[in-house]
2 protein chains.
Amino acid sequence: MDVIAELAGLIGADAVLTAPSDLEAVTEDWRGRYRGPALCLARPATAEQVAAVVRCCARHGVPVLPQGGNTSLCGGAVPSESGPAPVILSLTRMRAVRAIDPVNNTMEVEAGCVLATVQDAAAAAGRLYPVSLGAEGSCQIGGTIATNAGGTSVLRYGNTRENVLGLEVVLADGTIWSGLYGLRKNNTGYDLKHLFIGSEGTLGIITAATLKLHPLPTRHAVAWVGMASPEDALTLLTRVQGRSAARLSAFEMINRLQLDLVVDHVPGRRSPIESEAEWHVLIELSDNGSGDALDAELQAILEDAFADGLLSDAALAASEAQRHAMWEVRHSVSEANKKAGVGLTTDCAVPLSAVPAFIRGATAAVHALVPDLPVIVVAHLGDGNVHFIPFFTFDAWAAAGKGGAGNGNGEGGGRDALAAALRHAVNDEAARLKGTFSAEHGVGRVQLAEMERYKPAAELALMRAVKQALDPQGIFNPGRLLPPG
Amino acid sequence: MDVIAELAGLIGADAVLTAPSDLEAVTEDWRGRYRGPALCLARPATAEQVAAVVRCCARHGVPVLPQGGNTSLCGGAVPSESGPAPVILSLTRMRAVRAIDPVNNTMEVEAGCVLATVQDAAAAAGRLYPVSLGAEGSCQIGGTIATNAGGTSVLRYGNTRENVLGLEVVLADGTIWSGLYGLRKNNTGYDLKHLFIGSEGTLGIITAATLKLHPLPTRHAVAWVGMASPEDALTLLTRVQGRSAARLSAFEMINRLQLDLVVDHVPGRRSPIESEAEWHVLIELSDNGSGDALDAELQAILEDAFADGLLSDAALAASEAQRHAMWEVRHSVSEANKKAGVGLTTDCAVPLSAVPAFIRGATAAVHALVPDLPVIVVAHLGDGNVHFIPFFTFDAWAAAGKGGAGNGNGEGGGRDALAAALRHAVNDEAARLKGTFSAEHGVGRVQLAEMERYKPAAELALMRAVKQALDPQGIFNPGRLLPPG
């Protein structure tokens with residue numbers, strides 16, 4: 001019996017899709033950069049069915065590619081052009097919010113649950129699930145766990161990793177590990193959940209999770225600040241942490257070019273301050289309970305900083321509408337950059353103290369390749385995470401390099417060789433400062449060369465030993481995360 | 001050449017100790033319950049020397065037993081009575097605080113650094129290393145990482161695991177993995193540090209770490225509250241979290257017997273409140289910055305709770321001396337219990353919402369074995385961690401059971417069979433409520449039977465696969481953490 005027929009027998013014919021119209025959306029990534037053939041799309045409804053699919057695929061030597069909302073920025077969730085076509089495993093039918101325990105501040109959900117649904121269910125119980133990111137309306141909680149998603153709440157609440165207490169995982173031999181613990185403390189052997197979190201589907205299939213919840217913030221203060229340099233921004237961050245660490249929930253920084261692009265290309269966006277500052281910082285304090293607003297606290301910090309010459313201009317949001325407007329500017333960067341030209345996104349993190357040196361060094365390295373090339377900086381400064389983006393207008397990009405158009409990620413084409421060289425120059429600078437080439441986006445297929453280039457041999461060897469131990473046949477998401485040994 | 005001579009050649013004769021007087025302190029645990037022979041004590045001064053020791057031991061098939069401050073409560077850091085005698089590896093000579101980065105809020109330390117020294121060095125830089133526990137004056141940071149130490153700051157800052165950003169580890173083949181990252185975000189493959197944290201020396205030798213620091217709290221409020229039940233205490237906890245979550249730094253609960261034992265057996269201790277309440281809660285709020293004291297915030301919460309009949313009596317500390325006195329009562333429980341009789345300590349955690357059911361169920365289970373036996377409850381309630389302690393006066397213990405005295409941990413003797421039965425009864429109740437038998441103390445050798453009894457087979461198999469992958473020869477701390485397969 002062939003695999004597809006066998007799968008249909010195991011989980012039902014209507015749960016095994018092979019029509020091109022059904023496969024189209026799952027065999028190409030959302031930006032249209034990567035595509036490859038799949039044997040079929042399997043949509044199991046339970047962990048037991050997932051296990052049955054995995055066992056069947058293992059018997060036949062067919063790769064299993066788990067796919068959540070297909071929102072990867074790294075080509076991590078779609079098939080390769082070549083090699084054996086995988087079974088794409090979708091957990092869309094496993095999307096229940098199984099339970100919320102407001103006293104324990106936990107929530108048990110199935111992996112196919114959309115992130116926004118998780119957030120909404122928590123909020124309905126008066127709790128916060130803090131992980132928040134652009135794709136939250138379509139990405140699935142299982143995918144965010146498998147990729148340890150970051151976002152704009154990391155400074156206060158940590159990455160996805162810090163918000164997962166337990167997992168249910170289907171292993172390569174079809175065993176179901178039921179590790180749905182809802183405990184704050186549990187020192188009984190290796191903490192296996194951390195192996196699967198961030199493993200990008202290469203070690204097991206996450207089918208459910210116990211998430212950590214937090215009290216819902218009820219008070220906010222947001223300010224927009226113009227500054228002369230990243231050094232000044234860091235000094236201000238240290239001051240805010242010294243006075244309001246427990247309430248600081250965002251410290252985001254963009255450069256002037258980024259602000260200009262948002263104002264010029266996204267209708268309705270205006271600069272929150274009048275000044276022509278080179279660097280712009282958004283600060284948010286938040287707290288729960290029903291005490292005073294936090295405006296006075298933030299204002300006092302900013303007044304002191306102004307008196308010390310640390311900032312050139314600042315605006316404190318005076319209403320929820322103004323707070324919203326400031327955040328809208330920050331959230332519009334992707335849209336603006338897409339409209340304005342071609343930005344070669346990177347995703348570095350360095351120690352916070354090294355951020356100014358990183359921005360200087362990366363700028364110099366980029367200019368050594370393309371003199372005077374504009375650069376966009378969008379930083380989650382509180383996390384040391386800097387999206388440093390060499391930027392071309394459409395005309396400049398058309399004129400740059402020679403050869404085929406490629407896909408913008410160094411795969412074919414003269415412009416792509418240029419893009420790869422620019423990204424390497426930025427990533428080299430991060431590595432020199434003990435940083436990383438992928439802070440929050442992951443590895444997928446796009447960053448395999450970087451894994452080879454920057455990871456210590458001992459670390460790659462350890463990862464391969466773990467992969468070999470948990471998935472000796474190599475059936476889970478082959479060709480992703482780990483470069484060929 | 002024999003192992004000892006070879007080690008002396010590798011790291012110096014004065015760094016390889018074999019005299020009985022040198023081995024005495026490291027071959028017996030601090031409570032005098034476990035002891036076993038060692039080949040020698042090796043005291044390397046660098047990671048390279050650690051690697052040389054490991055390679056030498058691997059060649060000779062000699063086990064390597066890493067020992068920090070020898071403060072394990074589970075017999076995890078001393079040799080077994082039988083089996084091949086290990087080389088005990090002490091990192092006492094590797095105790096440098098290598099660097100503090102106050103902007104990045106990180107600190108790089110060598111594994112042999114005593115925890116209190118780490119705390120002091122952080123404080124001198126205006127920062128907090130939050131992990132705090134009874135043994136902090138002698139335990140070493142490497143040991144706290146290898147055991148994922150808990151303590152009294154977990155509610156606010158997490159376990160040791162949440163406060164480690166990077167590790168340097170010597171692997172079983174003598175490779176040094178340099179993973180001393182100081183990054184808040186790093187999604188480049190499996191997060192290997194989490195494998196070693198809490199592995200109790202069975203996967204590698206931690207030689208250095210990059211720790212996460214926090215702003216130093218400057219404002220505090222502490223209250224002692226008398227309550228009728230654990231249910232009421234949980235309700236109060238939920239209220240405090242709803243109003244002051246970001247400032248809540250402790251929510252500890254003890255029962256009346258525990259308070260009485262402290263007052264009766266530890267000179268200078270008095271009950272902070274007058275009432276005869278059955279349950280007692282210590283609440284601490286803390287914050288940094290220079291705003292108002294937090295007393296008013298805590299007082300408002302307590303007044304509302306009193307108005308609602310949730311508490312019978314409460315005292316808000318009016319001075320630092322009073323705050324200190326309240327904490328002294330809490331910190332005196334071990335001393336009191338040791339003086340008062342024989343307490344069979346357990347270390348369970350359950351979901352917070354299940355704590356009342358756990359205390360009821362465990363009490364009933366204990367009374368089914370020994371009618372009316374007094375029980376002590378000492379709970380880190382905010383973490384769901386309950387030390388539920390069946391308690392015998394010295395006379396009652398002398399009269400209990402028959403046969404040899406054993407060692408108090410179910411190893412030999414009629415009383416020890418009783419102790420084991422009582423602990424199993426308590427741990428069974430935790431398991432029934434989806435809890436754990438070891439929240440913060442770890443496994444060591446004492447809890448091996450519990451690992452076999454409570455851990456799902458799939459989880460043990462995964463742990464063994466990881467152990468086999470990282471330490472195929474089984475030279476690191478054999479006979480600890482993992483029950484024989």
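Conventions and cut-offs
For every chain, the first residue of its written sequence is number 1, and the numbers climb from 1 along that sequence. Working convention: letters from A go to chains and numbers from 1 go to ligands, in the order in which they are written. Since the coordinates come from a predicted model, pLDDT governs what is reported: local features require at least 70, and pairs of side-chain atoms require 80 or more to be given and counted, while whole-chain, interface and lining totals use all residues. By convention in this description, side-chain values take in all heavy atoms of the structure and omit both hydrogens and water. UniProt positions are given in the numbering used here, feature names are shortened, and annotations may be inferred rather than shown by experiment. Our superposition of the copies is a least-squares fit, built on the C-alpha atoms of residues whose pLDDT is at least 70 in both. The criterion used for residue contact is that any of the two residues' heavy atoms lie within 4.5 Å. Residue ranges assigned to each domain were obtained from an automatic or database domain assignment. Throughout, buried area stands for the accessible area (probe radius 1.4 Å) lost by two parts on being put together, summed over both. Any pair of N or O atoms that falls within 3.5 Å is considered a polar contact. Within protein, one atom must be able to donate a hydrogen and the other to accept it, and sequence-neighbouring residues count only if both atoms are side-chain atoms. Numbered from the N terminus, helices here are DSSP runs of H or I no shorter than four residues, and strands are runs of E no shorter than two. Any residue that is not Ala, Val, Leu, Ile, Met, Phe, Trp, Tyr, Cys, Pro, Asp, Glu, Lys or Arg is counted as polar, Gly included; the first ten are nonpolar and the last four charged. When accessible area is computed with a 1.4 Å probe and restricted to protein chains, residues below 20% of their type maximum are described as buried, those above 50% as exposed, and intermediate ones as partly exposed. A pair of strands counts as paired when DSSP detects no fewer than two bridges linking them. Think of a nonpolar core as a cluster: buried Ala, Val, Leu, Ile, Met, Phe, Trp, Tyr and Cys residues, connected wherever their side-chain atoms sit within 4.5 Å. For helices, the fitted line uses only the C-alpha atoms of the stretch in contact; every axis is such a line through C-alpha atoms, and the angle between N-to-C directions lies from 0 to 180 degrees. We call two directions roughly parallel when the angle between them is under 35 degrees, roughly antiparallel when it is over 145, roughly perpendicular when it lies between 65 and 115, and oblique otherwise. Should the near helix be turned anticlockwise from the far one by less than a right angle, the crossing is termed left-handed; should it be turned clockwise, right-handed. Given the number of residues in a helix, its expected span is that number minus one, multiplied by 1.5 Å. Counted as salt bridges are all cases of a side-chain nitrogen of Lys or Arg within 4 Å of a carboxyl oxygen of Asp or Glu. To obtain the arc, one takes the directions from the helix axis to the C-beta atoms.

For chain A, an unreviewed UniProt entry supplies the name FAD/FMN-containing dehydrogenase and the organism Azospirillum picis. According to the UniProt record, the Sequence similarities (unreviewed entry) comment for chain A reads "Belongs to the FAD-binding oxidoreductase/transferase type 4 family."

Peer 1: Please provide a residue-by-residue account of the relation of the copies chain B and chain A, values included.
Peer 2: Between chain B and chain A, the superposition needs a rotation of 180° and an axial shift of 0.0 Å, giving an RMSD of 0.0 Å. Here the copies are linked by what is in effect a two-fold axis. The fraction of interface residues of chain B whose copies in chain A are also interface residues reaches 100%, indicating that both copies meet through the same surface.

Peer 1: If you had to explain the domain arrangement of chain A to someone new, which residues and values would you point to?
Peer 2: All names here are of chain A. Domains assigned within chain A are domain 1 (3–90), domain 2 (97–215), domain 3 (219–332) and domain 4 (344–447). The C-alpha-based centres of domain 1 and domain 2 are spaced at 22 Å. If you look at the interface, domain 1 gives 14 residues, while domain 2 gives 14 residues. Both sides of the domain 1 and domain 2 interface together cover about 990 Å² of buried area, and 70% of this is carbon and sulfur. Inspection of the domain 1/domain 2 interface yields one residue pair in polar contact (both at pLDDT 80 or more). Within the residue set of the side of domain 1 that touches domain 2, elements represented by two or more residues are α3 (47–60) and β3 (64–67). Examining the composition of the side of domain 1 that touches domain 2, we find that seven residues originate from one element, α3, more than from any other. Partitioning the side of domain 1 that touches domain 2 into residue classes produces eight nonpolar, four polar and two charged.

Peer 1: Explain the pairing of strand β10 (residues 205–212) of chain A to me, using residue names and the numbers behind them.
Peer 2: Residue and element names in this part refer to chain A. Within β10, eight of the eight residues are buried, which leaves it mostly tucked inside the rest of the structure. Relative to β10, strand β6 (residues 106–110) runs antiparallel, the two being bridged by five bridges. Note on β10: the bridge partner recorded for Glu-110 is Ala-208. Sheet analysis places strand β8 (residues 164–170) next to β10, joined by six bridges and oriented antiparallel. Bridging across to β10, Val-170 finds its partner in Ile-205.

Peer 1: Residue-level account of the nonpolar core, with values.
Peer 2: In terms of nonpolar packing, the biggest core is built from 84 residues, with A:Phe196 and B:Phe196 touching the most fellow members. Beyond its immediate sequence surroundings of up to four residues, A:Phe196 is in contact with A:Ile145, A:Ala146, A:Leu167, A:Val169, A:Leu171, A:Trp177, A:Leu203, A:Gly204, A:Ile206, A:Leu470 and B:Leu462. Counting 51 residues, the second-largest nonpolar core is a separate cluster that includes A:Ile283, A:Ala305, A:Val342 and A:Ala362.

Peer 1: Can you explain the packing of helix α8 (residues 230–244) of chain A against helix α10 (residues 295–307) of chain A? Please cite residues and give values.
Peer 2: A pair of packed helices can be characterised by two numbers: the angle between their axes and the separation between those axes. Residues and elements named next belong to chain A. Orientation of α8 relative to α10, taken along the N-to-C sense of each, is 140°, at an axis distance of 11 Å. In terms of their interaxial angle, α8 and α10 are classed as oblique. In the crossing of α8 with α10, the sense of the turn from one axis to the other is right-handed. Facing Leu-236, Arg-239, Val-240, Arg-243 and Ser-244 of α8, the residues of α10 in contact are Glu-297, Ala-300, Ile-301, Asp-304 and Ala-305.

Peer 1: An account of the sheet that holds strand β4 (residues 87–90) of chain B is needed here, citing residue identities and associated values.
Peer 2: Residue and element names in this part refer to chain B. Taken together, the four strands give an open sheet; going across it, the order is β1-β2-β4-β3, and neighbouring strands pair in mixed fashion. If you trace the sheet from one side to the other, it starts and ends with β1 (16–17) and β3 (64–67), each paired once. In the sheet, strand β2 (residues 40–42) pairs with β4 via three bridges, with the strands oriented parallel. Directly across from Leu-41, in β4, lies its bridge partner Ile-88. The sheet contacts of helix α3 (residues 47–60) involve β2, β3 and β4, and relative to β4 the element is tilted by about 170°.

Peer 1: Summarise α3(B); cite the residues concerned and give the values.
Peer 2: Structural remark: α-helix, 3.6 residues per turn; residues separated by three or four positions point the same way. All names here are of chain B. Taking 1.5 Å as the rise per residue, α3 with 14 residues should run 20 Å; its terminal C-alpha atoms sit 20 Å apart, in good agreement. Within α3, 10 of the 14 residues are buried, which leaves the element mostly enclosed by the surrounding structure. Along α3, the residues classified as buried are Ala-47, Gln-49, Val-50, Ala-51, Ala-52, Val-53, Val-54, Cys-56, Cys-57 and Ala-58. Gly-61 sits one or two positions beyond α3 and adopts a positive phi of about 65°.

Peer 1: How would you sum up the interface of chain B and chain A? Please name residues and give values.
Peer 2: The interface is formed by 82 residues belonging to chain B together with 82 residues belonging to chain A. Both sides together, the interface formed by chain B and chain A hides about 6,200 Å², and carbon and sulfur atoms give 57% of it. Counting across the interface, chain B meets chain A through eight salt bridges. A:Asp191 is the partner of B:Arg161 in a salt bridge, and the nearest nitrogen-oxygen pair spans 3.3 Å.

Peer 1: Can you explain helix α12 (residues 333–340) of chain A? Please cite residues and give values.
Peer 2: All names here are of chain A. Turning to α12, its buried residues are Val-333, Ala-336, Asn-337 and Ala-340. What you see down the axis of α12 is that its buried residues fit within an arc of 95°, all on one side. Exposed and facing more than 90 degrees away from the buried side of α12 are Ser-334 and Lys-338. As for α12, its buried residues are in contact with α9 (256–265), α11 (320–331), β16 (341–343), β18 (375–380), β19 (385–393) and α14 (394–399).

Peer 1: So what about the pattern of salt bridges? Which residues, and what values?
Peer 2: Summed over all chains, the structure comprises 50 salt bridges over all chains. Of the charged contacts, one joins A:Glu297 and A:Arg247 as a salt bridge, the two residues approaching to 2.8 Å between their closest N and O atoms. Pair noted here: A:Glu297 is in helix α10 and A:Arg247 is in the loop between α8 and β13 (248–255), with a separation of 50 residues, a long-range link. On the basis of relative accessible area, A:Glu297 is assigned to the partly exposed category, the value being 24%. Its salt-bridge partner being B:Glu6, residue B:Arg59 comes within 2.4 Å of it at the nearest N-O pair. Here B:Arg59 is found in helix α3, whereas its partner B:Glu6 is found in helix α1 (residues 3–11), with 53 residues between them in sequence. For B:Arg59, a relative accessible area of 58% translates into the label exposed. Several salt bridges converge on common partners, so that one network encompasses A:Arg98, A:Glu108, A:Glu110 and A:Glu168.

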